[in-house]
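# What the coordinates show
Take a look at the letters that make up each chain.
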Amino acid sequence: MVNADAVRNVVGIIGNVISFGLFLSPLPTFIQIVKKGDVEKFVPDPYLATFLNCALWVFYGLPFVHPNSILVLTINGTGLVIEVIYLSIFFAYAPGPKRMKMLGVLAVELVFLVAIAAGVILGAHTYDKRSLIVGSVCIFFGTLMYAAPLTVMKRVITTKSVEYMPFTLSFVSFLNGICWTTYALIRFDIFITIPNSIGTVLSALQLILYFCYYGSTPEKSVELPVTASDDGDRN
């Protein structure tokens, strides 16, 4: 008889590998930024969203919040370090106004994280209460992180160009969503299931758009804000 926990661990390990690849997927963008010494039209929004998302999932995976979540803790801890590196590179090459905006958002995120941590540690005295509070916050921000590429999808439809929506990123996001949704369903965890199932659907839509507009001639006359699609989650 197949042990459900063993299967879940295997799926979680596969999810960690895929998530790690997803975290590394924006690397070509940052190599381009370093080579050109300019962030061009890219904005830090996806990386700021992923930073907050990873930090929340790290907190969720801590033993005193949600026990037996080592796979969630390790991959999001890794992702958190990677996002800090990305944001540091962006900050180094961004013009003054973008730097100030980035610092402002980071400050708000850090204050929010400290407030959540303090509230949970001081006000919730059982695993169930801590998991409920942190997990609910993770659902909200995890969904926002997966929704971040919607601005890129809008640009694809408007310009008929997939330049700023790489196929690899969308495909890995899709695999990542499927893997972590499966992981959450084996030993049902609603807090992991909801954002990752939504992410799976949104990633599938990105793939559909990619195949619809791949090879189309972009409309150069349209000027819209551009975000570098990141994303992840990662859980």
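What counts, and at which threshold
Residues numbered from 1 in each chain as written. Predicted model: local features only at pLDDT ≥ 70, side-chain atom pairs only at ≥ 80, totals over all residues. Heavy atoms only, no water. UniProt positions renumbered as here; feature names shortened; annotations may be inferred. Helix = DSSP H or I, 4+ residues; strand = E, 2+ residues; numbered from the N terminus. Buried < 20%, exposed > 50% of the residue type's maximum accessible area, 1.4 Å probe, protein only. Polar contact = N/O pair within 3.5 Å; in protein donor to acceptor, adjacent residues only side chain to side chain. Contact = heavy atoms within 4.5 Å. Axes fitted to C-alpha atoms, helices over the stretch in contact; angles between N-to-C directions. Parallel < 35°, antiparallel > 145°, perpendicular 65-115°, else oblique. Left-handed = near helix turned anticlockwise from the far one by under 90°. Nonpolar A, V, L, I, M, F, W, Y, C, P; charged D, E, K, R; others polar. Arc of directions from axis to C-beta.

Mapped onto this numbering, the UniProt entry annotates "transmembrane region" (unreviewed entry) at residues 12-34, 46-64, 70-93, 105-127, 133-152, 164-186 and 192-213. Annotated as 87% helix and 0% strand, the span residues 105-127 places its first and last C-alpha atoms 30 Å apart. The span residues 192-213 is 100% helix and 0% strand, and its two end C-alpha atoms sit 32 Å from each other.

Bringing the side chain of Thr200 into the picture now. Relative to the assigned elements, Thr200 resides in helix H9 (residues 190-213). A relative accessible area of 14% means that Thr200 is categorised as buried. Within the structure, the side chain of Thr200 is placed 3.3 Å from the backbone nitrogen of Ile178, a separation counted as a polar contact. Among the polar contacts listed, one links the side chain of Thr200 to the backbone oxygen of Asn196, at a separation of 2.8 Å. Beyond its immediate sequence surroundings of up to four residues, Thr200 is in contact with Phe174, Gly177, Ile178 and Thr181.

One way to put it is that helix H3 (residues 45-61) packs onto helix H6 (residues 127-147) with a least axis distance of 9 Å and a crossing angle of 160°. Taken as axis vectors, H3 and H6 run roughly antiparallel relative to one another. For the pair H3 and H6, the sense of crossing is left-handed. Note on element contacts: H6 touches H3 through Ser131, Val134, Gly135, Val137, Cys138, Phe141, Gly142 and Met145, opposite Ala49, Thr50, Leu52, Asn53, Leu56, Trp57, Phe59 and Tyr60. Of the residues contributing to the contact of H3 with H6, the split by class is 11 nonpolar, 5 polar and no charged.

As a further point, take helix H7 (residues 150-159). When we look at burial in H7, the residues that qualify are Val152, Met153, Arg155, Val156 and Thr159. The arc that holds the buried residues of H7, viewed along the axis, is 160°, so those residues lie on one side. The inward-facing, buried residues of H7 contact H9. Looking one or two residues past H7, Lys160 carries a phi angle of roughly 60°, positive in sign.

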